[in-house]
Amino acid sequence: MAKLSAFDPALAAPADVLPAQPSPGYWKAVGQRLLRDKVTLAVTAILLSIIIIAIFAPVFAIQDPLAGSVMRRLKPIGTEGHWLGTDETGRDIWARLCYGARLSLIAGMTPVMISLVIGGFLGVTAGYMGGLVNTMIMRTMDVFYAFPSILLAIAICGLLGNGLSNAILALSIVFIPPMVRISETVTTQARHLDFVEAARASGTTTMQIIRYHVLSNVLGAILVYATSLISLSIILSAGLSFLGLGVTPPQPEWGLMLNSLRQAIYVQPLVAALPGACIFVTSMCFNLMSDGFRGAMDVKLNK
Amino acid sequence: MLPETDKIIEVEDLTVEFRKREGSLFAVNGVNFSLARGEVLTILGESGSGKSVTLKAMMGLLPGYAHVTGQARLNGKNILALPPAELTKVRGSEVSMIFQEPMAALDPVYTIGEQIAEAIVQHEGISKSAAMKRALELLERVSIPSAARRLKNYPHEMSGGMRQRAMIALALACSPTVLLADEPTTALDVTVQIQILLLLRQLSEELGMAVVFVTHDIGVAAEISDRIAVMYAGRFVETGTVREVMRERRHPYTAGLLASTVHGGLRGQDLETIPGAPPSLAALPPGCAFAPRCRSVQETCRSGQPPVVDFGPGTMVRCVRAVPQMAFA
Amino acid sequence: MFAASQVKQDPRDRGGLAQPLLIVEGLKKYFPVRGGVLNRQVATVQAVDDVSFSVRKGEVLGIVGESGCGKSTTARLLMQLITPDSGGLVFDGDPVGGPRGISISELRRQMQMVFQDSFSSLNPRMPIVDSIAYAPRMHGLSAAAARERAETLLAQVGLNPRQYSRRYPHELSGGQRQRVNIARALALEPRLVILDEAVSALDKSVEAQVLNLLRELKARLNLTYLFISHDLNVVEYISDRVLVMYLGRVVETGPVEAIYSRPRHPYTRALLASKPTLDPDRRTRHLPLTGDPPNPINPPSGCRFRTRCSFAQAICSEVIPSLLAPVDLGADAPTDHLVACHLPEAQAAFGEHDVA
């Protein structure tokens, strides 16, 4: 390269058609688009406040979520000292909702993270390797696909016994196949693009190509999908708890609360609906946030 | 030059403005041309010059944010002002369009014969079997071998060249007086391209059909055109007969384009190039759009639009340096 | 044209000037076509069938042919992006992949490729300087050194690094992107560059700029090109020798002047006669060839061109013609002009299908 002269104006490329400002970069552009998207900003704010309330539950709820009293059973919303009322054993609903957010979010997000790591790895491997590896991984996943996800989760939970960690494990297993499928699809698409071929032609190793060229182009799509799974996961884990297969009483968890307040539906319908409303709002927010991300990341890269 | 009454299509001051949230831009900026029966006009231009938009505007195929003004008179009536229902009637029966990618125009779930017959039934209201007979004639007309068998083929069962012929047959179904062709040979192999070009030339002569042919390829333009309009940044910069445009090269852009066209005779020499790249339509220079790339640019070029210099009917150059021949001749 | 005198001595040269830079022997690739319920192989596409040629040091070898003729598959086979069914490569005297030869990764350092689609061949998430620096970086250069090399290369292909290096592919025009692709191909300092339809997608005024750049780089960096294109004019302009392919086989090869002025194979003649003339007074009047190229899934037996050839005889369907010197060699005929046609009368029929 030493023999090469520096910039030679005689061979210069055409004068630029674009303004010469430095480019903002892809992720910066995504960020700018997100900042303009009011709905996504709003739902993200709601989610952040839910997470903050969950983390700092003792600050937000002064009552003990486990301390009940026969005297204060099923008080309505607006009762002195219990502004969201009490449940069938007289425990404070606000405190239980705040503490319940912890377990519900953990039970909702952990399975998605686990399946993201395992499913993403398997999917990228299957997509990039192709051939026999792909066939083996994808056909195995097809077996799981044969069962409806909620039935599969119930079956695994039933097999492992109840408890939070078993519910998380069961949901992780349920979410791995769709995660594998989505990562396999986007990787297969990326793998056949010319720039991956060009990287192969430059004689670099498979790991280097995956790290520099494949992941940067598939990770966005996989993460967006994972975010949308969180909402489903929150609903499913609440469902498992509702059926008595997840979190065990007297732990506060939204699904479990929904179950135990079920009998009070005629006495205090508004109080009984509160855990359900929390589940609905949280999962809806995750869904809308994922939609917002998808929109922001879908930058039309072609001019 | 034919008398004015013989013009079957006259386009006047056609302007297309794309209005979007980010701002508006003029993709086509005051285009004028007219065509007589059997005449082939080629609009020659690079990507982004507005040549395809011109055709789509005439067919009413542009999206809602496109604001089309001007006139396109087909047999005397302005098709740009027609209500949608009437435009649909005109489309196909008086003016048809063929595309670069025939798969986009042909429906994959119907056979070629069904599609052509359907178009005929819709526009003329004749019976299905009579329409099928016409479809067969049309396939023979565009030289598809063993046409009777091909009638029953689905588009995906045909090769690229055959599909292009089938699309032409479909476009001819209701004997249009004007055919708009948007780069119909660009995706084809060179041996097939010449077949399609010869076919279009022959059809235009025999059916007296006017053809507006859009291409970026000068060789193709030389093969098919009676007249050429060179388009740059939304404007016609030079128009004339095919010989005039290719020999006189009155506009510096035409001259540069022809000089930079590669052929074997230039072996071993550096090619002449037009410096720079076509401008973005969203940020056109204030004066002549070609000024930043022009080798013989003058001060006046940068300040205002260059004058349109007439060289006789249908022949003009949009350049300050162009001098009407009359002055010298 | 064997431009031996113009070839500068390269320190990496091993075999000497007479040793071709690349010899391709009997290259073959059949793709299975799967279908039916059980996804069984139902047919075979004979994409590249027994293709042999050599590329001399410092020359431009043009490969020309229509879609489906196997020219792009050949490029990918040479880069080992797909594995050939059979056939071997010899790079500067060293067999590729053998125990005594050079490895595939060594070959890829010496041989690089520029793809047709300037957009999809660049990683949309990487600034272009990183795309160019990627290969040197992965081959052990430090980040700073790789970056410096990338910026030198950008300057060499006519893009001012200060202005462009942090740009993303979608912020460049087609011509600028193709310059980046050329810079990327040169980053490992290859000796042979395969240009697969590298200028075909560009506007004409930009195409000329890139062709000039390619010629300049070739002279400066002592490169050898394998130039693949369907554009007969561009191939004639840039090539020293030409290889004409039809349905996976080579039908004719020779110096560019010989091929373009005295084509021997009926297909080469038809191809050249199909070229638009650029002269409105000498328009094509007669069809040089009818019909489309046959489907490569079930190519005709014997000579694959026989179904479209007006000279075809019984022998053409029975025996595969091999590449031989034309029958009516004149005294001035070049010795490396070879044609795969059985029939002397077909080879000699020059002019009959000429442009009217």
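If you're wondering where the values come from, they're calculated on a predicted model, not measured in any experiment.

Asks: Give me the lowdown on the interface of chain C and chain B, citing residues and values where you can.
Replies: Opposite the 44 residues of chain C that make contact, chain B presents 46 residues. Approximately 3,600 Å² of surface area, both sides summed, lies buried where chain C meets chain B, with 53% of it carried by carbon and sulfur atoms. A per-residue breakdown of the area chain C buries against chain B is headed by Tyr237(C), Leu278(C) and Arg283(C), which together make up 18% of the total. Our enumeration of links across chain C and chain B arrives at 5 salt bridges. When the shortest N-O distance is used, the salt bridge between Arg243(B) and Asp281(C) registers 2.4 Å.

Asks: A description of the pattern of salt bridges should follow, citing residues and the corresponding values.
Replies: Under the counting rule described, the total for this entry stands at 40 salt bridges over all chains. Where Lys77(B) meets Glu94(B), a salt bridge forms, and the shortest distance between an N and an O atom there is 3.2 Å. One end of the pair, Lys77(B), is in strand β5 (residues 77-78); the other, Glu94(B), is in the loop between α2 (84-93) and β6 (95-98), with 17 residues separating them in the sequence. A salt bridge links Arg249(C) to Asp49(C), with the nearest nitrogen and oxygen atoms 3.3 Å apart. Highlighted residues: Arg249(C) in strand β10 (residues 249-255) and Asp49(C) in strand β2 (residues 40-55), separated in sequence by 200 residues. This pair shows no difference in class: Arg249(C) is buried, exactly as Asp49(C) is. Connected through shared salt-bridge partners, Asp194(A), Glu197(A), Arg200(A), Arg76(C) and Asp196(C) make up one network.

Asks: Would you mind going over helix α7 (residues 160-172) of chain B in detail, with residue names and values included?
Replies: Each α-helix winds once per 3.6 residues, and so residues spaced three or four apart point in a common direction. Residues and elements named next belong to chain B. With 13 residues, α7 ought to run about 18 Å at 1.5 Å a step, and its terminal C-alpha atoms sit 19 Å apart, in line with that. Burial within α7 is extensive, with 11 of its 13 residues counted as buried. Of all the positions in α7, only Gly 161, Met 162, Arg 163, Gln 164, Arg 165, Ala 166, Met 167, Ile 168, Ala 169, Ala 171 and Leu 172 are classed as buried.

Asks: Quick one: what's the story with the environment of Val320(B), residue by residue and with numbers?
Replies: All names here are of chain B. With respect to the helices and strands, Val 320 occurs in the segment after β12 (316-318). Accessibility expressed as a relative area gives 29% for Val 320, which makes it partly exposed. Separated by 15 residues in sequence, Val 320 and Gln 305 place their C-alpha atoms 9.0 Å apart. Aside from chain neighbours lying at most four places away, what touches Val 320 is Gln 298, Thr 300, Cys 301, Pro 306 and Pro 307.

Asks: Let's hear about the domain arrangement of chain B: which residues, and what values?
Replies: Interface size, as often reported, equals the accessible area lost upon joining of the parts. Residue and element names in this part refer to chain B. Under the domain assignment used here, chain B contains domain 1 (4-94 + 177-262) and domain 2 (106-175). Each of domain 1 and domain 2 has a C-alpha centre, and these two points are 25 Å apart. Opposite the 18 residues of domain 1 that make contact, domain 2 presents 13 residues. Between domain 1 and domain 2, a total of about 1,200 Å² is buried, with carbon and sulfur atoms accounting for 64% of that surface. It is Ile 196, Leu 199 and Leu 203 in domain 1 that bury the most area against domain 2; as a group they hold 33% of the surface buried on that side. Across the domain 1-domain 2 interface, the total number found is 1 salt bridge.

Asks: Please give an account of the packing of helix α4 (residues 112-124) of chain B against helix α5 (residues 128-141) of chain B that cites residues and values.
Replies: Residue and element names in this part refer to chain B. Running from N to C, α4 and α5 cross one another at 120°; their axes reach a closest spacing of 8 Å. Comparing their axes, α5 and α4 come out oblique. With respect to the hand of their crossing, α4 and α5 are arranged in right-handed fashion. Here Ile 112, Gly 113, Glu 114, Ile 116, Ala 117, Ile 120, Val 121 and Glu 124 of α4 come into contact with α5, specifically with Lys 128, Ala 131, Met 132, Arg 134, Ala 135, Leu 138 and Leu 139. Grouping the amino acids of the contact of α4 with α5 by side-chain chemistry returns 10 nonpolar, 1 polar and 4 charged.

Asks: Hey, could you go over helix α6 (residues 149-160) of chain A for me, with residue numbers and the actual values?
Replies: All names here are of chain A. End to end, α6 covers 16 Å across 12 residues, agreeing with the expected 16 Å (1.5 Å per residue, within 8%). Looking only at α6, the buried set comprises Leu 152, Ala 153, Ile 156 and Cys 157. For α6, the buried positions fall inside an angular range of 130° around the axis, keeping them on one side. Turned more than 90 degrees away from the buried face of α6 sit Leu 151, Gly 158 and Leu 159, all of them exposed. If you follow the buried residues of α6, they end up packed against α5 (131-145), α7 (164-191) and α9 (206-242). Phi for Gly 161, located one or two positions after α6, is positive at around 90°.

Cut-offs used in this document
Residues numbered from 1 in each chain as written. Chains lettered and ligands numbered in written order. Predicted model: local features only at pLDDT ≥ 70, side-chain atom pairs only at ≥ 80, totals over all residues. Heavy atoms only, no water. Contact = heavy atoms within 4.5 Å. Buried area = accessible area lost by both parts, 1.4 Å probe. Salt bridge = Lys/Arg side-chain N within 4 Å of Asp/Glu carboxyl O. Helix = DSSP H or I, 4+ residues; strand = E, 2+ residues; numbered from the N terminus. Buried < 20%, exposed > 50% of the residue type's maximum accessible area, 1.4 Å probe, protein only. Expected span 1.5 Å × (residues − 1). Domains from an automatic or database assignment. Axes fitted to C-alpha atoms, helices over the stretch in contact; angles between N-to-C directions. Parallel < 35°, antiparallel > 145°, perpendicular 65-115°, else oblique. Left-handed = near helix turned anticlockwise from the far one by under 90°. Nonpolar A, V, L, I, M, F, W, Y, C, P; charged D, E, K, R; others polar. Arc of directions from axis to C-beta.

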